[in-house]
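A closer look at the structure
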Amino acid sequence: MNTTPSRRALRVHYSDDYAVEKGPETVTKSRLVAEAVRRELPQVRLVAPRPAEIEELSRIHDRSYLDRVFGAQGGSLAVGTWSEPLLRSVLASTGGVRDAVDEALESGRSGSLSSGLHHAGRSYGTGYCTLNGLALGALRALERVPEVGILDLDAHFGGGTADILAADGRVRLADVSVVDFDLWNPSDPKRHLAEIVRQPGRYLRAVDRALSHLKGVAFLLYNAGMDAHGRAGGLEGVDNEVIRERERRVVEWAQRHGVPAAFVLAGGYKWGGLTLEQVAELHLETVRAFAA
Ligand SMILES: [Zn+2]
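The structure displayed is predicted, hence computed values, not measured ones. (Residues numbered from 1 in each chain as written. Predicted model: local features only at pLDDT ≥ 70, side-chain atom pairs only at ≥ 80, totals over all residues. Heavy atoms only, no water.)

Here's the deal with the overall build of the protein
Counting its regular elements, the protein contains 9 helices and 8 strands. Relative to the compact-globule value of 19 Å for 292 residues, the protein shows a C-alpha radius of gyration of 17 Å, a close match. Expressed as lengths along the three principal axes of its C-alpha atoms, the size of the protein is roughly 50 × 40 × 40 Å. By residue count, 60% of the 292 residues in the protein fall in the buried class. The contacts of the protein with a sequence gap of at least 6 include a subset with a gap of at least 24, amounting to 71%. In the form shown here, the protein has an accessible surface area of approximately 11,700 Å², with 47% of it arising from carbon and sulfur atoms. Once the 36 positive and 38 negative side-chain charges of the protein are each reduced to a mean point, those two points are 4 Å apart. (Helix = DSSP H or I, 4+ residues; strand = E, 2+ residues; numbered from the N terminus. Rg over C-alpha atoms; globule rule 2.2 N^0.38 Å. Buried < 20%, exposed > 50% of the residue type's maximum accessible area, 1.4 Å probe, protein only. Contact = heavy atoms within 4.5 Å. Areas by Shrake-Rupley, 256 points an atom, 1.4 Å probe, with all protein chains shown as cover. Lys, Arg positive; Asp, Glu negative; His and termini not counted. Charge placed at Lys NZ, Arg CZ, Asp CG, Glu CD.)

See the structure below:
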């Protein structure tokens, strides 16, 4: 599908509900990314999404699992000990992916400052991921386009996304990782690509292969993890310059092929020695590339 390029400002989904004070980077960093967007990219509009609702979530998760997540007496969340603010965070950031898809279908590009998505499978949450907003976003896009590509450049594989969508013939998955956590079985080579990169000098070529694999899709969902960066939890040698070039190539590819695209933040951690502010600055590279 070719979309008419829009001149309207890039709209990125975020609300203060995304962020909680204490917890893993998954739920704390979006506030800093939002602040950095306001400070450094004033042309970008931050818009609050409609939180995800149980009915739409039952398209991607088993009802019994959702009952556990929403448990009235305190359910179970993969991202931390259950609390009202944490559930609000998960629902807001999951809804943000759906709204980013809607916006990208209208204007060509959008995003959401969401994390904690791609490890969540149909009946489980793991690796800080409770609900799979990528799967929700893909099904949302498929209401309007025939085929969706999910590009997952988080440092870890998106086994949860594959669990929910690998059998769906309308979805193409391209997953480039630097560690083998949550590796899934790419059983259909026409639609599935899962590649692990162990040498930084080969990283961008793997990104190019992933993009080539997605040629022909009518919508791109991009899981823009920063944990591939050597100092954000990933592969030594993948630095700011490589990340900047990665984001440029993704956006350039979408533009060249006329494919509407929506991004989410995904992983990015302090393990490798960065501060949370520096992790947020890395995520800003994605927003900057989409806003360019
Ligand atoms: Zn990750």
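Moving on from the model shown.
Describing the nonpolar core
In a soluble, globular protein the nonpolar side chains are often hidden away together inside. With 57 residues, the main nonpolar core has Leu113, Leu151, Tyr203, Leu220 and Val287 as its most contacted residues. Mapped by element, the contributors of at least two residues to this core are α1 (25-40), β5 (171-177), α7 (203-213), β7 (219-223), α8 (240-256), β8 (261-264) and α9 (276-291). Excluding residues that lie within four positions of it along the chain, Val287 makes contacts with Leu10, Val12, Val37, Leu41, Val44, Leu113 and Phe263. Residues Val27, Ala52, Val101 and Leu131 belong to the second largest nonpolar core, which totals 44 residues. (Core = buried A, V, L, I, M, F, W, Y, C linked by side-chain atoms within 4.5 Å.)

Topic: the sheet that holds strand β3 (residues 109-112)
Across a sheet, strands are paired by hydrogen bonds formed along the backbone, either parallel or antiparallel in direction. In space, the 8 strands of this open sheet follow the order β2-β1-β3-β8-β7-β4-β5-β6, with parallel pairing throughout. With partners counted over all chains shown, the strands left at the sheet margins are β2 (45-47) and β6 (192-196), one partner each. Neighbour to neighbour, the strand axes of the sheet diverge by 15° on average, direction disregarded. Sheet topology places strand β4 (residues 148-152) next to β7; 5 bridges connect them, and they run parallel. Bridged to Ile150 within β7 is Leu221. (Pairing = 2+ DSSP bridges. Axes fitted to C-alpha atoms, helices over the stretch in contact; angles between N-to-C directions.)

Focus on helix α3 (residues 63-70)
Because the α-helix completes a turn every 3.6 residues, residues three or four places apart line up on one side. Those residues of α3 that sit buried are Tyr65, Leu66 and Val69. The arc enclosing the buried residues of α3, seen along the axis, measures out at 100°, which places them on a common side. Among the structural elements, α2 (54-57) and α4 (84-107) are those in contact with the buried residues of α3. (Arc of directions from axis to C-beta.)

Comments concerning the side chain of Ser89
Inspection of the secondary structure assignment puts Ser89 in helix α4. Taking relative accessible area as the criterion, Ser89 reaches 1% and is therefore assigned buried.

Considering the coordination of the zinc ion
Put simply, a metal with four donors set out as a tetrahedron has ideal angles of 109.5 degrees, and one with six donors set out as an octahedron has ideal angles of 90 or 180 degrees. Ligation of the zinc ion by protein atoms is provided by Asp154 (OD), His156 (ND1) and Asp227 (OD), these donors lying 1.9 to 2.1 Å from the ion. Each donor residue of the zinc ion lies on one chain, and together they are spaced D-x1-H-x70-D. Taken together, the positions of Asp154 in the loop between β4 and α6 (159-165) and Asp227 in the loop between β7 and α8 put the pair 73 residues apart, joining distant regions of the chain. Assigned by exposure class, Asp154 and Asp227 land together as buried. (Donors = N, O, S within 2.8 Å, 3.2 Å for Na, K, Ca; no water.)

Re the packing of aromatic side chains
Applying the stated criterion to the full structure yields 4 aromatic pairs. Ring centres of Tyr128 and Tyr269 lie 6.1 Å apart, and the angle between their planes is 40°; this geometry places the pair in the tilted category. Here Tyr128, found in the loop between β3 and α5 (133-142), pairs with Tyr269, found in the loop between β8 and α9; they are 141 residues apart in sequence, far enough to count as distant. Owing to a relative accessible area of 31%, Tyr128 belongs among the partly exposed residues under this scheme. A network of ring pairs unites the aromatic residues Tyr128, Tyr269 and Trp271 as a single cluster. The lysine or arginine in question, Lys29, covers the ring of Tyr269, its NZ or CZ lying 5.5 Å from the ring centre. (Phe/Tyr/Trp six-rings, centres within 6.5 Å; stacked < 30°, edge-to-face > 60°. Lys NZ or Arg CZ within 6 Å of the ring centre and 35° of its normal.)

Looking at the pairing of β4
β4 sits mainly inside the fold: 5 of its 5 residues count as buried. Covered by surrounding structure in β4 are Val148, Ile150 and Asp152 together with Gly149 and Leu151, the residues of both alternating faces. For the handedness criterion, the β-α-β arrangement of β4, α6 and β5 is classed as right-handed. (Right-handed = clockwise from strand over helix to strand, strands pointing away.)

Looking at α1
Spanning 16 residues, α1 covers 21 Å between terminal C-alpha atoms, matching the ideal 22 Å at 1.5 Å per step. What α1 keeps buried is the set Glu25, Thr26, Val27, Thr28, Lys29, Ser30, Leu32, Val33, Ala34, Ala36 and Val37. Contact partners of the buried residues in α1: β2, α4 and α9. (Expected span 1.5 Å × (residues − 1).)

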